Number of protein chains: 2
Amino acid sequence: MAVLYDRVALIGLGLIAGSMSLAMRAGGLAGETVGYARSPETRAAARQIGLVDRVAESAAEAVAGADLVVLAVPVGVMGAVAAEIAPHLKPGATVTDVGSVKQAVIEAVAPHIPAGVHFVPGHPLAGTEHSGPHSGFAALFRNRWWLLTPPEGTDPEATARLAALIRAMGANVEDMDAAHHDLVLAVTSHTPHLIAYTMVGVADHLKRVTESEVIKYSAAGFRDFTRIAASDPTMWRDVFLQNKEAVLDILGRFTEELFMLQRAIRMGDGAQLHDYFTRTRAIRRGIIEAGQDTSAPDFGRMPAGAATGQD
Amino acid sequence: MAVLYDRVALIGLGLIAGSMSLAMRAGGLAGETVGYARSPETRAAARQIGLVDRVAESAAEAVAGADLVVLAVPVGVMGAVAAEIAPHLKPGATVTDVGSVKQAVIEAVAPHIPAGVHFVPGHPLAGTEHSGPHSGFAALFRNRWWLLTPPEGTDPEATARLAALIRAMGANVEDMDAAHHDLVLAVTSHTPHLIAYTMVGVADHLKRVTESEVIKYSAAGFRDFTRIAASDPTMWRDVFLQNKEAVLDILGRFTEELFMLQRAIRMGDGAQLHDYFTRTRAIRRGIIEAGQDTSAPDFGRMPAGAATGQD
């Protein structure tokens, strides 16, 4: 696998940036990786585990001479970071990001990008519930989708080169309009996250059911919600603040739908419930067929010491 | 492992009953297993795969001479089945069920249980998204909780003997008041299921986002919801109709909470969102520590061909 960028600067050293660094190292895709994080503890941890080839003491220092700059900070601070590094970007460099919302990032970052520097916003649809410099791993992106939303007029060669890097890390690349991206992700990710957070919050507040009961009996459906709700609070705060319109749009539809089902329960309308639940099974089958999940029992997650289950 | 019941009758031959039969066979826990299902296709399939030692042609025939009778039918028909088998139950036999709601089952079944027959309602907190006679496996119950809700006055020896069987199948047993069970499960299972169904339904209706996009980009949070929403429609229709009060109680709290967060998003109140998300992480840690889940990346679910991720 050939080196695609001589020097890659990673601003922010959490799950995504760390995984990118490890994937690039594993594939020999970058000549040198340089990293910066705002927190001294994170920089120290990154040095200690050798997460990147070199840890800089400022974002400006990190991007000096870099051919690719990856903004891997919460979307709420992308603009400030862009403003800080802009004077130090090498002509011909490419700047990308990995934020979960795209329109807000483009609005915040694009004005700071100098002429001659390429800006190709992106979003890897990958992650775990963990954060920080120790959480990344090289295989994170394998078989996952990575969406690119280059604004009109972006140099297609710069986009193609970044796409090649992403594919070399194992992901599938797709171009998308930024506004459409924000709506799709409001449906597939942002609103589901908010709903999961809310359900866990309800359980937390309920005095009549103890926390230990919620925890003990959580294999019953709640467990899946808690994984989603353990995501990084800072990242998600910014996602909701920065994708407000699309999220409120989908939330409105969600509450209409939920009240309809609540009414069906109150009225004892079993037929309506049965029809509704039957239709949702079809979407599940579609996901398994699209290769985005496994139909193995319990997601292939087996209790310790259990024999392998048959499907 | 000793035989705990000479003859076990399983009424209904889906995921739970099938798994019980296979677990009892694997552990030598029953002398003979007899099964019955209403659908001739299911009975034929059960015969073909040897799911039980003998398939009966009626529920009455199945329970004749049985020491333990397991009602593994949708909760909406438990009463009718109990009425049908009551005259054929052996004195001293134990009747149990595996329904996801308990008060409604007790109300429907208890009146039909003859004097001298023990009724020990139960609920195994285990399952997958699959249904039917081919879906069961012996390891389903390992390390899972199985709740028993014996009404006051139930013979403690009958309860203890059933508990021994359940432990021998690998589960942990806990006694609980039936009404409290229904509330706890409304929180940990029933309402989360309804919410997952609703989110999948919203995605299904949305015309601006195509079904293939929802499917392709579903690794982003939505995927977990779809697994929950692929559960058996008949079983879940009955759960909601039969646990109406507790579900409406929890749903009301959920919508209050959701509107509070929706307002915070609309007002741009980042601090409130951040606080809320920070608190929910603690519940997730509690679940991992209680041994009910794994903290391995992506639930230990790795894409085909990916290297093992580190935590």
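Residues numbered from 1 in each chain as written. Chains lettered and ligands numbered in written order. Predicted model: local features only at pLDDT ≥ 70, side-chain atom pairs only at ≥ 80, totals over all residues. Heavy atoms only, no water.

### A short note on the overall build of chain A
Then comes step 1: The helix and strand inventory of chain A stands at twelve helices and nine strands.
Then comes step 2: Computed over its C-alpha atoms, the radius of gyration of chain A comes to 22 Å, within 12% of the 19 Å expected for a compact globule of 311 residues.
Then comes step 3: C-alpha extents for chain A along the principal axes are approximately 65 × 45 × 40 Å.
Then comes step 4: Counting only residues that meet the buried cut, chain A has 60% of its 311 residues in that class.
Then comes step 5: At a minimum sequence separation of 6, the contacts of chain A that also span at least 24 residues come to 73%. (Helix = DSSP H or I, 4+ residues; strand = E, 2+ residues; numbered from the N terminus. Rg over C-alpha atoms; globule rule 2.2 N^0.38 Å. Buried < 20%, exposed > 50% of the residue type's maximum accessible area, 1.4 Å probe, protein only. Contact = heavy atoms within 4.5 Å.)

### Points about the side chain of S135 of chain A
Residue and element names in this part refer to chain A.
Then comes step 1: Here S135 is to be found in the loop between strand 7 (122-124) and strand 8 (145-148).
Then comes step 2: Side-chain polar atoms of S135 contact the backbone oxygen of S131, separated by 3.4 Å.
Then comes step 3: Polar contacts involving the side chain of S135 include one to the main-chain carbonyl oxygen of G132, which spans 2.6 Å.
Then comes step 4: Discounting residues that sit within four places of it in the chain, S135 has contacts with G14, L15 and H130. (Polar contact = N/O pair within 3.5 Å; in protein donor to acceptor, adjacent residues only side chain to side chain.)

### A word on the environment of A178 of chain A
Residues and elements named next belong to chain A.
Then comes step 1: With respect to the helices and strands, the residue A178 is situated in helix 7 (residues 178-205).
Then comes step 2: Taking the C-alpha atoms as reference points, A178 and P121, separated by 57 residues in sequence, lie 8.9 Å from one another.
Then comes step 3: Each residue touching A178, except ones within four places of it in the same chain, is listed here: K102, Q103, I106 and T149.

### Some thoughts on the nonpolar core
Then comes step 1: Counting 124 residues, the largest nonpolar core has I11 and V69 of chain A together with I11 and V69 of chain B as the members making the most contacts within it.
Then comes step 2: Leave out the neighbours within four places in its chain, and V69 of chain A touches A9, I11, V63, I85, L89, T94, V95 and T96 of chain A. (Core = buried A, V, L, I, M, F, W, Y, C linked by side-chain atoms within 4.5 Å.)

### Brief notes about the packing of aromatic side chains
Then comes step 1: Summed over all chains, the structure comprises 13 aromatic pairs over all chains.
Then comes step 2: Between F141 of chain B and W146 of chain B, the ring centres sit 5.0 Å apart and the planes meet at 50°, which makes this aromatic pair tilted.
Then comes step 3: Since its relative accessible area comes to 1%, F141 of chain B is described here as buried.
Then comes step 4: Members of the aromatic cluster, joined through ring pairs, are Y197, W236 and F240 of chain A together with F277 of chain B.
Then comes step 5: Positioned over the ring face of W145 of chain A is K216 of chain B, at 4.6 Å from the centre of the ring.
Then comes step 6: Above the face of the Y276 of chain B ring, R279 of chain B is positioned so that its terminal group lies 5.8 Å from the ring centre. (Phe/Tyr/Trp six-rings, centres within 6.5 Å; stacked < 30°, edge-to-face > 60°. Lys NZ or Arg CZ within 6 Å of the ring centre and 35° of its normal.)

### Observations regarding the pairing of strand 4 (residues 68-71) of chain A
Residue and element names in this part refer to chain A.
Then comes step 1: The side-chain alternation of strand 4 yields two buried faces, one formed by L68 and V70 and the other by V69 and L71.
Then comes step 2: Pairing between strand 1 (residues 5-11) and strand 4: four bridges, direction parallel. Across the sheet, residue I11 finds its bridge partner in strand 4, namely L71.
Then comes step 3: Where strand 4 lies against strand 5 (residues 94-97), four bridges are found, and the strand directions are parallel. When the bridges of strand 5 are listed, V70 appears paired with T96.
Then comes step 4: Between the parallel elements strand 4 and strand 5, the chain passes through helix 4 (residues 78-85) in a crossover that is right-handed. (Pairing = 2+ DSSP bridges. Right-handed = clockwise from strand over helix to strand, strands pointing away.)

### So, the relation of the copies chain A and chain B
Then comes step 1: Note on the copies: chain A fits chain B at an RMSD of 0.1 Å, the axial shift is 0.0 Å, and the rotation between them is 180°. The transformation relating the two chain copies, once decomposed into turn and shift, fits a two-fold axis. Taking the C-alpha atom as reference, chain A places D224 of chain A closest to the rotation axis, 3.2 Å from it.
Then comes step 2: Taken together, the interface assignments show that 100% of the residues at the interface of chain A recur at the interface of chain B, consistent with an identical surface on both copies. (Least-squares fit on C-alpha atoms with pLDDT ≥ 70 in both.)

### Side note on the sheet that holds strand 4 of chain A
All names here are of chain A.
Then comes step 1: Ordered in space as 3-2-1-4-5-6, the six strands form an open sheet in which the pairing is parallel. Looking at the sheet topology across the chains shown, the edges are occupied by strand 3 (54-55) and strand 6 (118-119).
Then comes step 2: Sheet topology places strand 1 next to strand 2 (residues 30-36); six bridges connect them, and they run parallel. Its bridge partner lying in strand 2, Y5 is registered against A30.
Then comes step 3: On top of the sheet, helix 4 reaches strand 1, strand 4 and strand 5; it is set at about 150° to strand 4, its chief contact.
Then comes step 4: Those strands touched by helix 6 (residues 156-168) are strand 1, strand 4, strand 5 and strand 6, and its axis lies near 80° from that of strand 1. (Axes fitted to C-alpha atoms, helices over the stretch in contact; angles between N-to-C directions.)

### A word on the interface of chain A and chain B
The accessible area lost on association of the parts is a frequent measure of interface size.
Then comes step 1: Tallying the contact residues gives 115 residues for chain A and 117 residues for chain B.
Then comes step 2: Around 11300 Å² of area is buried between chain A and chain B when both sides are counted, 68% of it from carbon and sulfur atoms.
Then comes step 3: When the buried surface of chain A facing chain B is broken down by residue, Y217, I265 and F277 of chain A rank first, second and third, together holding 7% of it.
Then comes step 4: Taken together, the connections running from chain A to chain B amount to four salt bridges.
Then comes step 5: A salt bridge links K216 of chain B to E174 of chain A; the nearest nitrogen and oxygen atoms lie 3.1 Å apart.
Then comes step 6: There are 14 residue pairs in polar contact (both at pLDDT 80 or more) connecting chain A and chain B.
Then comes step 7: If you list the elements that add at least two residues to the side of chain A that touches chain B, you get strand 8, helix 7, helix 8 (211-216), helix 9 (222-229), helix 10 (233-242), helix 11 (244-267) and helix 12 (270-289) of chain A.
Then comes step 8: Here the side of chain A that touches chain B gets 22 residues from one element, more than from any other, and that element is helix 7 of chain A. (Buried area = accessible area lost by both parts, 1.4 Å probe. Salt bridge = Lys/Arg side-chain N within 4 Å of Asp/Glu carboxyl O.)

### Re the sheet that holds strand 5 (residues 94-97) of chain B
All names here are of chain B.
Then comes step 1: As summarised here, the arrangement of the six strands in space is 3-2-1-4-5-6, forming an open sheet in which the pairing is parallel. At either end of the open sheet lies a strand with only one pairing partner, and these are strand 3 (54-55) and strand 6 (118-119).
Then comes step 2: Helix 4 (residues 78-85) rests against strand 1 (5-11), strand 4 (68-71) and strand 5 of the sheet, and its axis sits at about 150° to strand 4.

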